[in-house]
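Report on the structure
Each chain, written out:
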Amino acid sequence: MFPSLLPQEYKKEVRREKILRNILALLSILDAVLLVGIVFLLPSYFTLTFSQGEVIRRFEVQQEALQRQNVQELENTIRQINALAMLHQRNESRRKSVAPLLLRFAALDIPDIALRAMHFFEDKTGAFAVSLQGNATTRNIFLAYVRSLENTDEVAAVRSPVDNLLSEADVSFSIEVALNKEFYSYVTGP
Amino acid sequence: MLQVHKKTLWYTVILLALFLLLGGSIVLLYQRIVLASAVIKEAEGATAVLKHKEQGIGNNKRGLEELSASLAALEKSFVSQHTFVQFVELLEQLAQETGVAFRAQGAVLPTSPNEKAILRFEIQGSYAALVRFFILLDAVPYAGFTEDIRIAPLGKDAETLRASVTFTIFNFSSTP
């Protein structure tokens, strides 16, 4: 390479010019890249801008359609039906059959026992009991009847006052048969 | 030389300004694209949810229509003040079927949720007929509970008995 014959100040000017032209080239490239980027982004921008209105319009139409369905009324109806069904189910579980009890007492009846009255009721403890009044031909027959009652699954206890045992024959009795709660009891409601 | 240098400087300044302009534009454009995408995404998501709800509502309505017979039976299993007479008529029918004489004696209808709906009635007949009546009573559609029964002979005729019954109705609805 030949040494430069330019004076010192011109050498500085040339270097400054070179730097400036390099910056110019770089800026040109960057501007070109940005321009290309903008060109590629523009279709996405216009597509999204134009479809945004359409999407929002579809959402509003769907909202209006749902409002027309009267959702609140339907929800209230369903809620009422559910409450009624639950109450019905709960009440069904509280049901108890009294006919088997009457059949049981009929089955326990023996010829020498004559019942005058029967009272099925809820006692002070909340358990159910049956009060039986009648006549037995002999004391032993009465005691056998009481034992047969005590041996029944539905019976929890038989309350028989001592007065029932005073006569040996033609026994007039009054007993109270307490029932097992599993067999018959009142379940308070909701 | 100085003129050439000035021209280059001007070109540099112009390209720098263009760079800043294009840079700002692309950033703005990108932000608008991101915003529009987010709005569209949210709107489409909300639309899908609403469509799903509408479908669910349609299914519920169809379900209610299909179950209308069962729902009617459910409502009928509840006694109200206006339908109480139907309950009494049912008991009269049961009495007729089982061969007992039926007489309603009194009714208490609740005025608050804590009160009970009670019907007191009397039936007369043989023990077997009374038991048959209670078998049918235990199976009536209106859920209830027999709270009290008093059975005693009707006069001197020991075959015919009188039963005074207190029956609590669970399925009582205060609304008609």
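The structure we're discussing is the one just above.
Keep in mind the model is a prediction, meaning the values are calculated, not measured. (Residues numbered from 1 in each chain as written. Chains lettered and ligands numbered in written order. Predicted model: local features only at pLDDT ≥ 70, side-chain atom pairs only at ≥ 80, totals over all residues. Heavy atoms only, no water.)

**Some points on the environment of Asp148 of chain B**
- Within the element layout of this structure, Asp148 of chain B appears in strand 3 (residues 144-154).
- Between the C-alpha atoms of Asp148 of chain B and Thr168 of chain B, which are 20 residues apart in sequence, the distance is 9.5 Å.
- Those residues in contact with Asp148 of chain B that lie beyond four places of it in its chain are His119, Phe120 and Phe121 of chain A together with Ser164, Val165 and Thr166 of chain B.
- Side chain to side chain, Asp148 of chain B and His119 of chain A meet in a polar contact 3.1 Å long. (Helix = DSSP H or I, 4+ residues; strand = E, 2+ residues; numbered from the N terminus. Contact = heavy atoms within 4.5 Å. Polar contact = N/O pair within 3.5 Å; in protein donor to acceptor, adjacent residues only side chain to side chain.)

**Quick notes on the pattern of salt bridges**
- For the structure on display, the rule yields 13 salt bridges over all chains.
- With a closest N to O distance of 3.7 Å, Arg159 of chain A and Asp123 of chain A form a salt bridge. Of this pair, Arg159 of chain A sits in strand 3 (residues 155-159) while Asp123 of chain A sits in the loop between strand 1 (113-122) and strand 2 (128-138), and the two are 36 residues apart along the sequence.
- Judged by relative accessible area, Arg159 of chain A falls into the partly exposed class, the value being 40%.
- Since its relative accessible area comes to 16%, Asp123 of chain A is described here as buried.
- The partner of Glu176 of chain A in a salt bridge is Arg159 of chain A, and the shortest N-O contact between them spans 2.9 Å. A residue pair is termed long-range when its members are at least 10 positions apart, and Glu176 of chain A in strand 4 (residues 169-179) and Arg159 of chain A in strand 3 qualify at 17 residues.
- Beyond isolated ion pairs, a larger network of salt bridges with shared partners links Glu54, Arg57 and Arg58 of chain A together with Glu44 of chain B. (Salt bridge = Lys/Arg side-chain N within 4 Å of Asp/Glu carboxyl O. Buried < 20%, exposed > 50% of the residue type's maximum accessible area, 1.4 Å probe, protein only.)

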